[in-house]
Amino acid sequence: MLSCGANLLMEGQFTINIITNISRLAFCVASIFLIILATLLIVSGTIGLVSAFIVSLDDGREEIVQAISYVVIAVAVFDVAKYFIEEEVLRPKEKQSLSEARVSLTKFMTTIIIAVFIEGLVGVFERSGKAPEDILFPAALLIVATFMVIALGVYQKFSVSAEGEKKEKDITE
């Protein structure tokens, strides 16, 4: 009877290991695909920039702003891929502490927030000269990025408080 329970436990652990490995493989493949797409976005922006400068200097100036936008998006996508590789492929979940998880999520969110801010600023600059009536979307991006910063700050406060409470609880036990 005891060996039957041990066998079921071993089979369950084997199934969990298979699912974990499939999940890690999926995150690895997705990360590689994201890196390829981000690289293609930078290459596309570079090609557009060079060809616009060949046509005219004015087109080149407008393409610079577009290229900045492409690079910012590509960097954010690279960071997402890096996050997936570091957190989902390489690092075993059970060995991650609360503070490590907070730091990791904070780095990830900071990159996304910076990308949203830069995208909003690029949009404001693009639209202010051409079509000021279209400035609402980039302005909304800046507002959303501001709320993201506030939300990250609230998360940091609660998470640090929770870590402190957990440490106090561990000390008293």
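Our subject is the structure that appears above.
Visitor: Would you take a moment to explain the environment of serine 104 for this structure?
Guide: Structurally, serine 104 can be placed in helix α3 (residues 98-130). For the pair serine 104 and glutamate 87, spaced 17 residues apart in the sequence, the C-alpha separation amounts to 8.1 Å.

Visitor: Which parts of the structure should I look at to understand the pattern of salt bridges?
Guide: It is possible for side chains of opposite charge to pair when their charged atoms get near one another. As enumerated under the stated definition, the model contains 1 salt bridge in all. With a shortest N-O distance of 3.7 Å, aspartate 79 and lysine 82 are connected by a salt bridge. Of this pair, aspartate 79 and lysine 82 both sit in helix α2 (residues 57-90), 3 residues apart, which is roughly one turn of the helix. Classification of aspartate 79 as buried rests on a relative accessible area of 13%.

Visitor: When you look at the nonpolar core in this model, what are you seeing that I'm missing?
Guide: One broad rule of soluble globular proteins: the nonpolar side chains tend to lie buried together. Val80, Tyr83, Phe108, Ile112, Ile113, Val116, Leu141, Ala145, Met148 and Leu152 form the largest nonpolar core, which has 10 residues in total. For this core, the secondary structure elements donating two or more residues are α2, α3 and α4 (136-172). In this structure valine 116 touches Leu141, Ala145 and Met148, once residues within four positions along its chain are discounted.

Visitor: Looking at this model, I keep getting lost on α3. Mind explaining?
Guide: Residues that lie three or four places apart on an α-helix share one face, since the helix turns once every 3.6 residues. Taking 1.5 Å as the rise per residue, α3 with 33 residues should run 48 Å; its terminal C-alpha atoms sit 48 Å apart, in good agreement. Buried residues of α3: Arg102, Ser104, Thr106, Phe108, Thr111, Ile112, Ile113, Ala115, Val116, Gly120, Val122 and Gly123, and no others.

Visitor: Explain the packing of aromatic side chains here, please?
Guide: Each aromatic ring pair is summarised here by two numbers: the centre-to-centre distance and the angle between the ring planes. If you walk through the whole model with that rule in mind, you get 3 aromatic pairs. For the pair phenylalanine 27 and phenylalanine 84, a centre-to-centre distance of 5.1 Å together with 65° between the ring planes defines the contact as edge-to-face. Taken together, the residues span a long stretch of sequence, with phenylalanine 27 in helix α1 (residues 2-55) and phenylalanine 84 in helix α2 at a distance of 57 residues. Measuring from ring centre to ring centre gives 6.5 Å for tyrosine 83 and phenylalanine 84, while their planes differ by 55°; the resulting arrangement is tilted. An aromatic cluster of at least three residues, connected via ring pairs, comprises Phe27, Tyr83, Phe84 and Phe108.

The rules we used
Residues numbered from 1 in each chain as written. Predicted model: local features only at pLDDT ≥ 70, side-chain atom pairs only at ≥ 80, totals over all residues. Heavy atoms only, no water. Helix = DSSP H or I, 4+ residues; strand = E, 2+ residues; numbered from the N terminus. Salt bridge = Lys/Arg side-chain N within 4 Å of Asp/Glu carboxyl O. Buried < 20%, exposed > 50% of the residue type's maximum accessible area, 1.4 Å probe, protein only. Core = buried A, V, L, I, M, F, W, Y, C linked by side-chain atoms within 4.5 Å. Contact = heavy atoms within 4.5 Å. Expected span 1.5 Å × (residues − 1). Phe/Tyr/Trp six-rings, centres within 6.5 Å; stacked < 30°, edge-to-face > 60°.

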